[in-house]
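# Reading the structure
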Amino acid sequence: MAFESLSDKLQGVFKKLKGKGVLTEADINEAMREVKLALLEADVNFKVVKDFVSAVKEKSLGSDVLESLTPGQQVIKIVNDELVGLMGGANSKLTYSPRGFTILLMVGLQGTGKTTTCGKLANYLKKNGKKPMLCACDIYRPAAIDQLEVVGKTVDVPVFTMRDCKEPEVIAETAVKEAELKGFDVLIVDTAGRLQIDEALMEELVRVKKAIKPHEILLVVDAMTGQDAVNAAAGFDDKLGIDGVIMTKLDGDARGGAALSVKQVTGKPIKFIGVGEKFDALEPFHPERMASRILG
Ligand code: GDP
């Protein structure tokens with residue numbers, strides 16, 4: 001699981017703090033130096049680390065902490081609260097259309113797990129009483145359409161395709177009409193990925209966005225790619241505007257820094273995390289739970 005090394009290191013720092021009955025300013029400075037190193041090693045964005053450590057330090061050096069009976073515990077609580085805040089505070093839920101028909105536009109670079117995540121999301125929605133339909137909008141790789149069809153079969157959710165159409169915005173628009181007509185209440189639109197953010201990809205996505213006015217644009221990023229995932233989020237948000245991030249592969253040995261940086265760097269929350277290859281390996285992202293997992 002991600003965060004193992006960060007978690008070990010932070011727990012080491014806290015063990016030392018808890019062991020002391022009285023904390024001096026020097027103790028806190030030393031602990032914060034170690035926290036800073038641990039976060040940097042976990043590949044958390046440099047500026048995020050700097051702000052985080054200075055916020056924790058400022059709060060920890062208050063007399064109410066230093067003169068309390070359990071100063072170590074207080075510092076740990078401050079770190080916990082700051083960590084929760086860093087990841088967005090409360091759980092960020094999906095926004096459903098008040099009209100009853102919700103359109104989700106899924107975007108992301110190739111290989112991040114976008115198509116798999118479309119299937120996971122469809123599965124999740126179905127389990128939560130929704131009636132989703134999938135739509136394949138990759139006009140470059142027929143194999144991507146095949147893949148989404150296999151995914152749809154596996155999770156038992158219909159997939160809308162228009163194999164001969166080369167305009168993704170037309171495909172998406174037609175899918176919206178079809179889904180509404182057939183009584184589905186969520187349409188998940190899978191789009192083409194690229195190896196990197198380029199003008200053509202963004203222009204295409206902007207066209208699809210204009211055509212179907214999605215209620216949510218969700219960017220899929222791969223936790224294993226660390227700060228590249230954060231940069232991708234910033235790039236997509238800048239050019240297209242995103243509502244949230246789904247971070248995949250947090251079951252792997254990703255250092256976790258991306259998960260701790262995305263909200264702070266882009267202002268957009270992580271809404272779900274992918275924790276495996278199976279279609280039930282998708283969880284709503286809860287900053288509090290993640291913080292307690294990291295802090296042990
Ligand atoms: P796409 O190119 O973005 O559509 O990526 P795919 O959906 O084809 O996924 C690429 C690979 O990542 C596949 O082998 C998936 O099984 C794998 N994958 C996707 N999400 C996760 C995840 O949360 N954890 C793990 N371990 N693998 C994942």
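A quick note: this is a predicted structure, and the numbers were derived from the prediction, not measured.

Quick notes on the rules
Residues numbered from 1 in each chain as written. Predicted model: local features only at pLDDT ≥ 70, side-chain atom pairs only at ≥ 80, totals over all residues. Heavy atoms only, no water. Disulfide = S-S within 2.5 Å. Buried < 20%, exposed > 50% of the residue type's maximum accessible area, 1.4 Å probe, protein only. UniProt positions renumbered as here; feature names shortened; annotations may be inferred. Helix = DSSP H or I, 4+ residues; strand = E, 2+ residues; numbered from the N terminus. Near = heavy atom within 4 Å. Polar contact = N/O pair within 3.5 Å; in protein donor to acceptor, adjacent residues only side chain to side chain. Areas by Shrake-Rupley, 256 points an atom, 1.4 Å probe, with all protein chains shown as cover. Nonpolar A, V, L, I, M, F, W, Y, C, P; charged D, E, K, R; others polar. Pairing = 2+ DSSP bridges. Contact = heavy atoms within 4.5 Å. Axes fitted to C-alpha atoms, helices over the stretch in contact; angles between N-to-C directions. Parallel < 35°, antiparallel > 145°, perpendicular 65-115°, else oblique. Left-handed = near helix turned anticlockwise from the far one by under 90°.

In the structure shown here, the tally under the stated rule is zero disulfides. Considering cysteine sulfurs only, Cys137 is the nearest to Cys135, which forms no disulfide, with 3.8 Å between them. Classification of Cys135 by relative accessible area gives buried; the value is 0%.

Next up on the list: the UniProt feature "domain: SRP54-type proteins GTP-binding" (unreviewed entry) in the protein. UniProt records the feature "domain: SRP54-type proteins GTP-binding" (unreviewed entry) at residues 269-282, using the numbering of this structure. Its end C-alpha atoms 16 Å apart, residues 269-282 is made of 0% helix and 43% strand.

Within the structure, the ligand sits among 17 residues, and Gly111, Lys114, Thr116, Asp251 and Glu277 are positioned closest to it. Here an oxygen atom of the ligand and a backbone polar atom of Gly276 are 3.3 Å apart. Isolated, the ligand exposes 590 Å² of accessible area, and the fraction of that covered by the protein chains is 79%. With four residues, the top contributor of residues to the shell around the ligand is helix H6 (residues 114-127). Taken together, the residues of the shell around the ligand break down into two nonpolar, ten polar and five charged.

As summarised here, the arrangement of the eight strands in space is E3-E2-E4-E1-E5-E6-E7-E8, forming an open sheet in which the pairing is mixed. Both edges of this open sheet fall to strand E3 (159-160) and strand E8 (282-284), since each of them pairs with a single strand only. In the sheet, strand E6 (residues 244-248) pairs with strand E7 (residues 270-274) via three bridges, with the strands oriented parallel. Bridge pairing in E7 links Val245 to Ile270. Set on the sheet, helix H7 (residues 142-155) makes contact with strand E2 (132-136), E3 and strand E4 (186-190); between it and E2 the angle comes to about 165 degrees. Helix-sheet contacts for helix H10 (residues 227-239) involve strand E1 (102-108), strand E5 (216-222) and E6, and the interaxial angle to E5 is about 155 degrees.

Within the secondary structure, Asp237 sits in helix H10. For Asp237, a relative accessible area of 18% corresponds to the buried category. Among the polar contacts made by the side chain of Asp237, one reaches the main-chain amide nitrogen of Ile242 at a distance of 2.9 Å. Non-local contacts of Asp237, meaning those with residues more than four positions away in its chain, are made with Ile242, Thr266 and Lys268.

Quick look at unusual backbone geometry now. A positive phi angle is found at Lys213, which is not glycine, with a value near 40 degrees. You can see Lys213 is positioned in the loop between helix H9 (199-212) and E5. Taking relative accessible area as the criterion, Lys213 reaches 61% and is therefore assigned exposed. At Lys249, a residue that is not glycine, the phi angle is positive and equals roughly 65 degrees. Within the secondary structure, Lys249 is located in the loop between E6 and helix H11 (257-266).

In terms of residue burial, E4 counts as a mostly covered element, since five of its five residues are buried. Side chains of E4 alternate between two faces, with Val186, Ile188 and Asp190 and Leu187 and Val189 buried alike. Note that E1 and E4 share five bridges and pair parallel. Its bridge partner being in E4, Ile103 is matched across the sheet by Leu187. In terms of strand pairing, E2 meets E4 through five bridges, oriented parallel. Paired with Pro132 across the two strands is Val186, which belongs to E4.

Relative to each other, helix H1 (residues 4-19) and helix H12 (residues 287-295) sit at 70 degrees, their axes nearing to 7 Å. Overall, the two elements H1 and H12 adopt an arrangement that is roughly perpendicular. Every residue of H12 that contacts H1 at Leu6, Ser7, Leu10, Gln11 and Phe14 is listed here: Arg293, Ile294 and Leu295. Across the contact of H1 with H12, the residue classes tally to five nonpolar, two polar and one charged.

The interhelical angle for the contact between H10 and H11, taken along N-to-C directions, is 25 degrees, at an axis separation of 8 Å. With respect to H11, the element H10 is oriented roughly parallel. Crossing of H10 against H11: the hand is right-handed. The residues of H11 that touch H10, namely those facing Gln227, Ala229, Val230, Ala233, Ala234 and Asp237, are Gly257, Ala258, Ser261, Val262, Val265 and Thr266. Class assignment of the residues belonging to the contact of H10 with H11 gives a composition of seven nonpolar, four polar and one charged.

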